[in-house]
2 protein chains.
Amino acid sequence: MSKPYETPDVSVDVVLLTLIEGHLHVALHERPKEPDAGMLALLGGYVHVDDGSEADVEGTAFRVLREKGGLRPRYLEQLRTYSGRERDPTRGFTVAISHVALVPHEELAASDSRLHLYAVDELPKLAFDHNRQVTEAVERVRNKSSYSTLPCWLLPRAFTLTQLQHTYEQIFGETVKRSTFRTRLGLKVGDVKAGEAIDEAGCIVATDEFQGGNQRPARLFRVNQLGLFKRASW
Amino acid sequence: MSKPYETPDVSVDVVLLTLIEGHLHVALHERPKEPDAGMLALLGGYVHVDDGSEADVEGTAFRVLREKGGLRPRYLEQLRTYSGRERDPTRGFTVAISHVALVPHEELAASDSRLHLYAVDELPKLAFDHNRQVTEAVERVRNKSSYSTLPCWLLPRAFTLTQLQHTYEQIFGETVKRSTFRTRLGLKVGDVKAGEAIDEAGCIVATDEFQGGNQRPARLFRVNQLGLFKRASW
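Everything in this summary refers to the structure shown in the same document.

Reading guide: rules and limits
Residues numbered from 1 in each chain as written. Chains lettered and ligands numbered in written order. Predicted model: local features only at pLDDT ≥ 70, side-chain atom pairs only at ≥ 80, totals over all residues. Heavy atoms only, no water. Least-squares fit on C-alpha atoms with pLDDT ≥ 70 in both. Contact = heavy atoms within 4.5 Å. Buried area = accessible area lost by both parts, 1.4 Å probe. Salt bridge = Lys/Arg side-chain N within 4 Å of Asp/Glu carboxyl O. Polar contact = N/O pair within 3.5 Å; in protein donor to acceptor, adjacent residues only side chain to side chain. Helix = DSSP H or I, 4+ residues; strand = E, 2+ residues; numbered from the N terminus. Disulfide = S-S within 2.5 Å. Buried < 20%, exposed > 50% of the residue type's maximum accessible area, 1.4 Å probe, protein only. 1 Å grid on protein atoms, 1.4 Å probe; cavity = no way out; pocket = protein on both sides within 12 Å on 5 of 7 lines; lining within 4 Å. Points joined across faces, edges and corners; volume = space filled by probe spheres on them. Nonpolar A, V, L, I, M, F, W, Y, C, P; charged D, E, K, R; others polar. Pairing = 2+ DSSP bridges. Core = buried A, V, L, I, M, F, W, Y, C linked by side-chain atoms within 4.5 Å. Expected span 1.5 Å × (residues − 1). Arc of directions from axis to C-beta. Phe/Tyr/Trp six-rings, centres within 6.5 Å; stacked < 30°, edge-to-face > 60°. Lys NZ or Arg CZ within 6 Å of the ring centre and 35° of its normal.

### Details of the relation of the copies chain A and chain B
Expressed as a screw operation, the relation of chain A to chain B combines 0.0 Å of axial shift with a rotation of 180°, fitting to an RMSD of 0.0 Å. Considering both components of the superposition, the chain copies are consistent with a two-fold axis. In this assembly the copies share their binding face: 100% of the residues contributing to the interface of chain A also contribute to that of chain B.

Below, the structure written as C-alpha cells:
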C-alpha cells in the first residue's frame, strides 16, 4: 500500500514487572542486534501488519511476551507512546508504544526464558529510552496501586491476606499494622465464607482453600478483576 | 529507508476541548476526503517524518492544531494510542496517538478556523473511533481535575476565583458553596497579596489586577503550571 508520507518505525515495548523478595524487578534481555547490541533492553518488537495475527498493538505486546519470554501475563496495560528522532541512533523517527505487564515471580521463574531480572531502583544504563520507560511504569504501578487491586497481579492466583498486605507494603515501601492495612483498603474485618467478597466493590473474594497445616491455617483469596476499591486510600 | 516489516499508518489525533456556557465542547471538522468524507472528525494528521520539523508526535499535534485550527494551546497531553485493523475501513492496520488539548473559548472564538463545536454529551456519530476518543478524553479531564490545576487551562490567562469555582463546578456537574470549594482544593481563605500563592503547592498565584469597577472588584489570579494540589479532594 502506498503511503502519503514516509512512515516512522513502529514497535511495542513491554515493561515486564515482578516482585522478588520485596523489590519490584523488571525483566530485561541483551539486545542481539545493532543498534545498541549487547546492551540490556526491555522486551519489544515491531508491529506485524502483514500476517493478520495481531488485531492491535496489545496483540503485538502479547506476541512479544510469548516469543521472548514464554509468558502470558494476566495483567497488561498501555503505558504511553514514546516517539522522536533522538530515541534511536540509526532508525530516524521512531514510535514505541510502551506497555506495563505484571507477573508473579513463580510464573516468571517457571518460564524457560533467558530474561535477566533487575531491581528497578538499581538499573544499569539500558538501550534507547528504556530507563525512562521503567521509571514511568513504576510510577504508574505505584499510583494505581493506591486505589485498585493492581498489586494482586504480582501474587499467585490464590493468596493469603498476609501475602496481600506484604505486596502493598513492598510497593509503597511502608510497613503498616494489619488493622491499618484493612482500613486503608476498606477490607471487611472478621470471618468470611467461601465466595464472599471482602471489599465493597467485590474485587477480592474468599476461596474454600487454606494454606498452612498448623493450628491456624490461613484462608486463600483470589482477585476477580482489575477492580477499583470503593474506599481505598493508602 | 527499508523497513523489516510493512509499517502501519501512524497519525496523531487531538481531542480539543473548551468550555462554553458551562458545558465541555469538542472541536470537530468535516473530513474533506475519503474514507468517511463529510463526516465530523477530530483534528488529526500524519506524522511528518521527512521534513525534520517535528521532533516527536507532540510536535505533530502542535502542527495539526496550528494548521487546522490556528491555535497553540497552552495545555496538551498524550491520551492513549488507538490501533488495529478495524479502525479504518480502507487503510488496514492503523495507529493513532491521541492527545487532549484544552483552550479557553475566547481563544478558540478568536482563531480563524472553521471548526464546529459540539457539546461532548450530545455528539453525533463521528468518523473512525473518534467518539470513543472523546469519551476517554473527557474521563481523563474529569479525573485529573479532581487533584490538579487542569481546569485552569480552560480559563483566560487571568481569572477570578468565582470563575475558577464555576469551571470546576461545570466539569464535575455539581454546584458547591464558596467555602466548600476552597476547602476541597485547599485554598487559602482571606486576603492575599499580589504574587502570593493561594494553595500549598504554589500553583495558583494572585496578580495585582482586579476585575469589575464596582464597590468590590475581584482580584485576578493566574496559574503557574500544571500543578498537583497538595490537599485537593473534590
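### With respect to the interface of chain A and chain B
Taken together, the contacts link 31 residues of chain A with 31 residues of chain B. Between chain A and chain B, roughly 3,000 Å² of surface is buried when both sides are summed, and carbon and sulfur atoms account for 55% of that area. The tally of links from chain A across to chain B stands at zero salt bridges. Connecting chain A to chain B are 14 residue pairs in polar contact (both at pLDDT 80 or more). Taken together, the elements giving at least two residues each to the side of chain A that touches chain B come down to strand E1 (9-20), strand E5 (75-84) and strand E6 (94-102) of chain A. With five residues, the single largest contributor to the side of chain A that touches chain B is E5 of chain A.

### Remarks on the state of the cysteines
Structurally, a disulfide amounts to a covalent bond that connects the sulfur atoms of two cysteines. Scanning the model with the defined rule gives zero disulfides over all chains in all. Looking at the unpaired Cys152 of chain A, the closest cysteine sulfur is the one in Cys203 of chain A, lying at 8.3 Å.

### With respect to the pattern of salt bridges
All names here are of chain A. What the rule picks out here adds up to 22 salt bridges over all chains. One salt bridge in this structure joins Glu136 and Arg80, with 3.0 Å as the shortest N-O distance. Of this pair, Glu136 sits in helix H3 (residues 130-145) while Arg80 is found in strand E5, placing the two residues 56 residues apart along the sequence. Residue classification places Arg80 among the partly exposed positions, given a relative accessible area of 25%. A single salt-bridge network, built from bridges that share partners, covers Asp13, Arg87 and Asp129.

### Quick look at unusual backbone geometry
Residue and element names in this part refer to chain A. The peptide bond linking Glu34 to Pro35 adopts the cis configuration, its omega dihedral lying at -5°. Mapped onto the elements, Pro35 comes out in the loop between strand E2 (23-30) and strand E3 (40-41). One non-glycine residue, Glu21, lies in positive phi territory at about 45°. Relative to the assigned elements, Glu21 resides in the loop between E1 and E2. A positive phi is found at Phe128, a non-glycine position, where the angle reads about 50°. Secondary-structure assignment places Phe128 in the loop between strand E7 (116-119) and H3.

### Some words on empty space enclosed by the protein
Residue and element names in this part refer to chain A. Under the defined criterion, the tally for this structure stands at one cavity of 30 Å³ or more. Considered as a void within the structure, the largest cavity measures approximately 40 Å³ in volume. In terms of lining, the largest cavity is formed by Leu161, Thr162, Gln165, Arg178, Phe181, Arg182 and Leu187. Here the lining of the largest cavity is built from residues that sort into three nonpolar, two polar and two charged.

### Observations concerning the pairing of strand E4 (residues 43-46) of chain A
Residue and element names in this part refer to chain A. What you see with E4 is no split at all: Leu43 and Gly45 on one side and Gly44 and Tyr46 on the other are buried throughout. Sheet topology places E1 next to E4; four bridges connect them, and they run antiparallel. Along E4, the bridge assignment pairs Asp13 with Gly44.

### Considerations on the nonpolar core
Generally speaking, a soluble globular protein has its nonpolar side chains buried in company with each other. Grouped together as the largest cluster of nonpolar side chains are 44 residues, with contacts concentrated most on Leu16 and Val95 of chain A together with Leu16 and Val95 of chain B. Going through the elements one at a time, E1, helix H1 (57-69) and E6 of chain A together with strand E1 (9-20), helix H1 (57-69) and strand E6 (94-102) of chain B are the ones with two or more residues in this core. The contact partners of Val95 of chain B, leaving out residues within four places of it in the chain, are Val10, Val57 and Ile97 of chain A together with Pro8, Asp9, Val10, Ser11, Thr81, Tyr82, Ser83 and Arg87 of chain B.

### Looking at H3 of chain A
All names here are of chain A. A rise of 1.5 Å per residue sets the reference length of H3, with its 16 residues, at 22 Å; its end C-alpha atoms lie 22 Å apart and thus fit the reference within 8%. When H3 is considered as a whole, its buried residues turn out to be His130, Gln133, Val134, Ala137, Val138, Val141, Lys144 and Ser145. Buried residues in H3, looked at end-on, bunch into an arc of 140°, giving them a common side. Residues of H3 that are buried sit in contact with E1, E2, E3, E5, E6 and helix H4 (161-172).

### Description of the side chain of Gln165 of chain A
Mapped onto the elements of the fold, Gln165 of chain A is located in helix H4. When neighbours within four sequence positions are excluded, Gln165 of chain A is seen to be in contact with Val176, Lys177, Arg178 and Phe181 of chain A.

### Digging into the packing of aromatic side chains
Within this structure, the stated rule accounts for four aromatic pairs over all chains. Across the ring face of Tyr82 of chain A, the terminal group of Arg80 of chain A is positioned such that the distance to the ring centre comes to 4.5 Å.

### Structural notes on the environment of Val134 of chain B
Residue and element names in this part refer to chain B. Along the chain, Val134 turns up in helix H3 (residues 130-145). When its relative accessible area of 1% is taken as the criterion, Val134 is described as buried. On a C-alpha basis, the gap between Val134 and Phe93 in space is 21 Å, while along the polypeptide they are 41 residues apart. With near-sequence residues (within four places) excluded, Val134 lies in contact with Val15, Val26, Leu42, Val120, Leu123 and Leu126.

### A short note on H4 of chain A
Residues three or four positions apart in an α-helix share a direction because the helix packs 3.6 residues into each turn. Residue and element names in this part refer to chain A. End to end, H4 covers 17 Å across 12 residues, agreeing with the expected 16 Å (1.5 Å per residue, within 8%). All of the buried residues along H4 are Leu161, Leu164, Gln165, Thr167, Tyr168, Glu169 and Ile171. Those residues of H4 that are buried lie in contact with E1, H3, helix H5 (178-185), strand E8 (204-211) and strand E9 (218-223). Looking one or two residues beyond H4, the residue adopting positive phi is Gly173, at roughly 65°.

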